[in-house]
Amino acid sequence: MQTDYKTKGLLLLKKGQKGIIHAIFSRFGLMLLMMIAQIFILFGIFRWFEEFLPHILGGTVLFTFIMVICLLNSRMNPTAKITWLIVIMLVPVFGVLLFAYTQSDVGHRALKARMNQIITETKECIPQSGDTMERLTEENQGVAALAHYMHRSGCHPVFENTSVTYFPLGEEKFAQMLKQLEAAEHFIFMEYFIVDEGIMWGQILEILAKKASEGVDVRVMYDGTCEFALLPHDYPKRLRALGIQCKIFAPVSPFVSTHYNYRDHRKILVIDGHTAFNGGVNLADEYINQKKKFGHWKDTAVMLKGEAVQSFTLMFLQMWRIDTAKDETQHFLSYLPRPVQKANGFVIPYGDCPLDDDKLGERVYMDILNRSLKYVHIMVPYLILDGEMETALKFAAERGVDVVLLLPGIPDKAVPYALAKTHYMSLLESGVKIYEYTPGFVHAKVFVCDGEEAVVGTINLDYRSLYHHFECATYLYRTDCILDIEEDFQKTLTKCRQVTKETARHEKLRVKLTGHLMKAFAPLL
């Protein structure tokens, strides 16, 4: 399908109604000022305690020592412990009070309780087929064990009879999205981290408005960070005027809160319960290379048709229910997908919630690395690793597995780029191969292993994705598209420069210093 990039579609904002300047002089700017005022007040309180508390507790040294012991015995990630130890050692009492404030979870206790309630209530909504699990166990006991773990952390069953189409570029996904949206008859669910007006969103919105006028249930959900510079606070109201239901996840409010640390980074589109899209592509023009920001934008996605689509329907509804008591789960799951009988392999769509103790996204990646025999080929935009993930990458390479990391050649953010470089030498010494995409920026999140397993989704190899964001992905085992994923990886590799120990040693001093200085604060990035 040929996409017409000359047509902008339906735009709701006039020139000058978005961007950081407009945001500053709007409702957002006022809230930003209120938040800054609160931060100064909190700092003032902390400083007062910093002078007052040591005298009661026997001095700064004793106070700091007690808190360090408590921190070391906490269940926090070891790398995050180091970050907090540095903060506490540099600014003892202030650091402890700041740690206590962030760990108290004041900002998201209600969210955590509500999310846990929803997950518990919907845990058995999609029953696991015993026959499917038995066939998977016969084919690969290791994958079956992974599937058992994934299902333990939520309603993430294994499915068969699902065709999966892989898109090596955002442009290809966009063209197929338009085609599938045009065919919608019952409902359209869209959940994306970024929505920005332009060619991509304009053409999609035009179809959504038309479908809403025809009686299709159209729902859009995007993350509150869009309010910083992309969309005004009243954008949901503008969409509702078109008949489109819209919600913002964690919208900007004038109160300082730890809740802002948890973002909805997922990208989900579900149509009529029979078709779903997932991957790294957001709804903005840079993702289809109609806006050049960091050279050529390399991204990927998958389209599912068949039984596994039910899981994405459920994931969307779980997030939609956060601020409402109305439960529509069974109603929308009653739109049963048509099984694709000739589809090979097994599919597991899954979501990762930052409010539980199961770091599902990271553990799926680590399990693939630990079971790999021939190769694990990885495309990710960021590389800010904790100790466990770095060890898993190195151990796989040291076992003789061909571990290849494909990263951006042109970064979108200077600090994460510099932090990625701090891992290079250690990984290279263990035999991990590293390549950088010279035409531009890699935003894809792809693992492909041994020609049999793959993951395509939204989960980066950084702390934000693995610990702080709501994420989702599609795990694939022996599906037909896995060969397409590996072929795309090899094709992309031809456009990359290889990083060697020599090139790593001769990295720019500015980049090295930035990486080494910021590494202490990597868990916060």
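Quick caveat: nothing in here was measured; it's all calculated off a predicted structure.

Colleague: Quick question: what am I supposed to make of the overall build of the protein chain here?
Modeller: Summing up its helical and strand segments, the protein chain has 20 helices and 18 strands in all. Here the protein chain, with 525 residues, has 57% of them falling under the buried criterion. Taking as baseline every contact in the protein chain between residues at least 6 positions apart, the subset at least 24 positions apart corresponds to 82%. Accessible surface computed for the protein chain: about 22,200 Å², of which carbon and sulfur atoms make up 60%.

Colleague: I keep staring at a nonpolar patch on the surface and nothing clicks. Help me out?
Modeller: Judged by side-chain polarity, Phe-65, Ile-66, Ile-69 and Leu-72 come together as a nonpolar surface patch covering roughly 360 Å² of accessible area. By secondary structure assignment, the location of Ile-69 is in helix 3 (residues 60-72). The class for Ile-69 is partly exposed, based on a relative accessible area of 36%.

Colleague: For this particular structure, what's the right way to read the sheet that holds strand 3 (residues 217-223)?
Modeller: Note: strands within a sheet are paired through backbone hydrogen bonds, in either parallel or antiparallel orientation. Judged by pairing direction, the sheet is mixed, and its seven strands sit side by side in the order 1-9-7-6-2-3-4 without closing on themselves. Two strands close off the open sheet at either side, each with one partner strand: strand 1 (162-167) and strand 4 (245-249). When the angles between neighbouring strand axes are averaged without regard to direction, this sheet yields 10°. Where strand 2 (residues 187-192) and strand 6 (residues 268-271) come together, four bridges link them in antiparallel fashion.

Colleague: Would you explain the pattern of salt bridges in this entry?
Modeller: Oppositely charged side chains are able to pair whenever their charged atoms sit close together. This model, assessed by the stated rule, comprises 28 salt bridges. Across the pair Glu-139 and Arg-478 runs a salt bridge whose closest N-O atoms are separated by 2.8 Å. Here Glu-139 is found in helix 7 (residues 130-139), whereas its partner Arg-478 is found in the loop between strand 17 (469-477) and helix 18 (482-493), with 339 residues between them in sequence. By relative accessible area, Glu-139 is classed as partly exposed at 38%. Here Glu-214 makes a salt bridge to Lys-211, at a shortest N to O gap of 3.5 Å. Accessibility expressed as a relative area gives 52% for Glu-214, which makes it exposed. Shared partners join several salt bridges into a network, and the residues in it are Asp-217, Arg-219, Lys-326 and Glu-328.

Colleague: Looking at this structure, I do not really get helix 15 (residues 387-398). What am I missing?
Modeller: Because the α-helix completes a turn every 3.6 residues, residues three or four places apart line up on one side. Counted at 1.5 Å a residue, the expected span for helix 15 with its twelve residues is 16 Å, and the 16 Å between its end C-alpha atoms agrees. For helix 15, every residue scored as buried is listed here: Met-389, Glu-390, Ala-392, Leu-393, Ala-396 and Ala-397. Projected onto a plane normal to the axis of helix 15, the buried residues spread over an arc of 160° and lie on a single side. At its buried positions, helix 15 is contacted by helix 14 (360-371), strand 11 (375-379), strand 12 (402-408) and helix 16 (414-429).

Colleague: Just checking my understanding: could you explain unusual backbone geometry for this structure?
Modeller: Backbone geometry follows two general trends: most residues other than glycine have a negative phi, and most peptide bonds adopt the trans configuration. In this model, Ala-250 sits at a positive phi of 50°, which is unusual for a non-glycine residue. Tracing the chain through its elements places Ala-250 in the loop between strand 4 and strand 5 (263-264). Here the phi dihedral of Asp-272 falls at roughly 55°; this positive angle occurs in a residue that is not glycine. Within the secondary structure layout, Asp-272 lies in the loop between strand 6 and strand 7 (275-279).

Colleague: What is the right way to look at the packing of aromatic side chains in this model?
Modeller: Each aromatic ring pair is summarised here by two numbers: the centre-to-centre distance and the angle between the ring planes. Under the criterion given, the structure shown has 17 aromatic pairs. Ring geometry for Phe-294 against Trp-297: centres 6.4 Å apart, planes inclined by 45°, an arrangement best described as tilted. Its relative accessible area of 5% is what places Trp-297 among the buried residues. Their ring planes at 5° and their centres at 3.9 Å tell us that Tyr-365 and Phe-447 sit as a pair that is stacked.

Colleague: Honestly, the pairing of strand 4 in this entry has me stumped. Any pointers?
Modeller: The side chains of a regular strand alternate, first on one face of the sheet and then on the other. In terms of burial, strand 4 is largely enclosed, as four of its five residues are buried. When strand 3 meets strand 4, the two strands line up parallel, connected through five bridges. Note on strand 4: the bridge partner recorded for Val-220 is Cys-246. Since strand 3 and strand 4 lie parallel, the crossover through helix 11 (residues 235-240) that links them has a hand, and here it is right-handed.

Colleague: Would you mind showing me how to read the packing of helix 7 against helix 8 (residues 141-152) here?
Modeller: Packed helix pairs are specified by the crossing angle of their axes together with the interaxial distance, meaning the distance between the axes. For the pair helix 7 and helix 8, interaxial distance at closest approach is 6 Å and the crossing angle is 140°. Viewed along their axes, helix 7 and helix 8 adopt a mutual orientation that is oblique. Mapping the contact onto sequence places Met-133, Leu-136, Thr-137 and Glu-139 in helix 7 and Gln-141, Val-143, Ala-144, Ala-147 and His-148 in helix 8. Here the residues of the contact of helix 7 with helix 8 are counted per class, giving five nonpolar, three polar and one charged.

Colleague: What is the right way to read helix 18 from this model?
Modeller: Between its first and last C-alpha atoms helix 18 spans 17 Å; for twelve residues at 1.5 Å apiece the expected length is 16 Å, and the two agree. Three or more residues of helix 18 are buried, namely Ile-482, Ile-485, Glu-486, Asp-488, Phe-489, Thr-492 and Leu-493. The arc that holds every buried residue of helix 18, seen down its axis, measures 160°, which confines them to one face. Within helix 18, the exposed residues directed more than 90 degrees away from the buried face are Leu-483, Glu-487 and Lys-491.

Colleague: What's the story with the pairing of strand 9 (residues 301-306) in this structure? I'm lost.
Modeller: Here strand 9 lies mainly inside the structure; five of its six residues are buried. In terms of strand pairing, strand 7 meets strand 9 through five bridges, oriented antiparallel. Among the inter-strand pairings, Asn-278 is bridged to a residue of strand 9, identified as Val-302.

Colleague: Any chance you could explain the side chain of Asn-289 here in plain terms?
Modeller: Summarising the element assignment, Asn-289 is placed in the loop between strand 7 and strand 8 (296-298). Of the polar contacts made by the side chain of Asn-289, one reaches the backbone nitrogen of Trp-297; its length is 2.8 Å. Contact partners of Asn-289, with chain neighbours within four places excluded, come to Glu-171, Gly-295, His-296 and Trp-297.

Colleague: What am I meant to see in the environment of Arg-75 here?
Modeller: Looking at where Arg-75 falls in the secondary structure, it is placed in the loop between helix 3 and helix 4 (78-90). Looking at Arg-75, the relative accessible area reads 78%, which means it is exposed. Once the C-alpha coordinates of Arg-75 and Asp-357 are considered, the two residues, 282 residues apart in sequence, prove to be 9.9 Å apart.

Calculation rules
- Residues numbered from 1 in each chain as written.
- Predicted model: local features only at pLDDT ≥ 70, side-chain atom pairs only at ≥ 80, totals over all residues.
- Heavy atoms only, no water.
- Helix = DSSP H or I, 4+ residues; strand = E, 2+ residues; numbered from the N terminus.
- Buried < 20%, exposed > 50% of the residue type's maximum accessible area, 1.4 Å probe, protein only.
- Contact = heavy atoms within 4.5 Å.
- Areas by Shrake-Rupley, 256 points an atom, 1.4 Å probe, with all protein chains shown as cover.
- Patch = residues over 30% accessible without salt bridge, like charges linked within 9 Å, V, L, I, M, F, W, Y side chains within 5 Å.
- Salt bridge = Lys/Arg side-chain N within 4 Å of Asp/Glu carboxyl O.
- Pairing = 2+ DSSP bridges.
- Axes fitted to C-alpha atoms, helices over the stretch in contact; angles between N-to-C directions.
- Expected span 1.5 Å × (residues − 1).
- Arc of directions from axis to C-beta.
- Phe/Tyr/Trp six-rings, centres within 6.5 Å; stacked < 30°, edge-to-face > 60°.
- Right-handed = clockwise from strand over helix to strand, strands pointing away.
- Parallel < 35°, antiparallel > 145°, perpendicular 65-115°, else oblique.
- Nonpolar A, V, L, I, M, F, W, Y, C, P; charged D, E, K, R; others polar.
- Polar contact = N/O pair within 3.5 Å; in protein donor to acceptor, adjacent residues only side chain to side chain.

Interpretation note: all reported values are geometric properties and have no functional meaning in isolation.
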